[in-house]
Amino acid sequence: MLGRINHVALAVPDIEKASKAYRDMLGATVSAPQALPEHGVTVVFVELPNSKVELLEPLGEASPIAAFLAKSPDGGMHHICYEVGDILAARDRLIAQGARVLGNGEPKIGAHGKPVLFLHPKDFFGTLIELEQV
Ligand code: CO
């Protein structure tokens, strides 16, 4: 069911500082920051030869990453995103096996314009999983 790793997302308290570190210290190709108010984050894409890293900074009062950064003020790995061919089939298979899908269970359009779902971290060993249909 799982395909490639689409991205790994890191929550960061200061996206300018994090972008500079990835660009200047690590020598990566880093996009300009993009505000995604509907997702409550500002995002920067770090392009790698085999995948992407996304840097996420909270945007607005109800940011979904605010609680994470309150617990981990230096930042940290927030989620990993795996590609799937059919997100509804993947969801139904997971629910049938007792996994919890976050929200109302319906895919939302993610940062790349594709349908995404999130799976409860307690069902997957402490890591928040995003599935993206590609
Ligand atoms: Co993501």
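Residues numbered from 1 in each chain as written. Predicted model: local features only at pLDDT ≥ 70, side-chain atom pairs only at ≥ 80, totals over all residues. Heavy atoms only, no water.

> Would you mind going over the environment of Ala62 with me for this structure?
Along the polypeptide, Ala62 turns up in the loop between β5 (52-58) and α2 (66-71). Along the primary structure Ala62 and His39 are separated by 23 residues, whereas in three dimensions their C-alpha atoms are 9.4 Å apart. (Helix = DSSP H or I, 4+ residues; strand = E, 2+ residues; numbered from the N terminus.)

> When you look at the coordination of the cobalt ion in this model, what are you seeing that I'm missing?
Octahedral metal centres with six donors ideally show angles of 90 or 180 degrees, and tetrahedral centres with four donors ideally show 109.5 degrees. In the first shell of the cobalt ion, the protein supplies His7 (NE2), His79 (NE2) and Glu130 (OE), at 2.0 to 2.1 Å from the metal. Donor residues for the cobalt ion, ordered by position in the chain, follow H-x71-H-x50-E. In this pair, His79 is assigned in strand β6 (residues 76-84) and Glu130 in strand β9 (residues 128-133), connecting sequence segments 51 residues apart. In terms of burial, His79 and Glu130 fall into one category: buried. (Donors = N, O, S within 2.8 Å, 3.2 Å for Na, K, Ca; no water. Buried < 20%, exposed > 50% of the residue type's maximum accessible area, 1.4 Å probe, protein only.)

> Would you explain the pairing of strand β1 (residues 5-11) in this entry?
Consecutive side chains along a regular strand alternate between the two faces of the sheet. Within β1, six of the seven residues are buried, which leaves it mostly tucked inside the rest of the structure. As judged from the six bridges shared by β1 and β6, these two strands associate in the antiparallel manner. Directly across from His7, in β6, lies its bridge partner Cys81. Looking at chain direction, β1 and β5 are connected through five bridges and run parallel. Paired with Val8 across the bridge in β5 is Val53. (Pairing = 2+ DSSP bridges.)

> Is there a simple way to think about helix α3 (residues 87-96) in this case?
The α-helix advances 3.6 residues per turn, and as a result positions three or four apart in sequence lie on the same side. Three or more residues of α3 are buried, namely Ile87, Ala90, Arg91 and Leu94. Along α3, the residues classed as buried sweep out an arc of 100° about the axis, all on the same side. As for α3, its buried residues are in contact with β6, β8 (115-119) and β9. Capping the start of α3 is the job of one residue whose side-chain oxygen sits 3.2 Å from the backbone nitrogen of Leu88: Asp86. Just beyond α3, the residue with positive phi is Gly98, at close to 95°. (Arc of directions from axis to C-beta. Contact = heavy atoms within 4.5 Å. Polar contact = N/O pair within 3.5 Å; in protein donor to acceptor, adjacent residues only side chain to side chain.)

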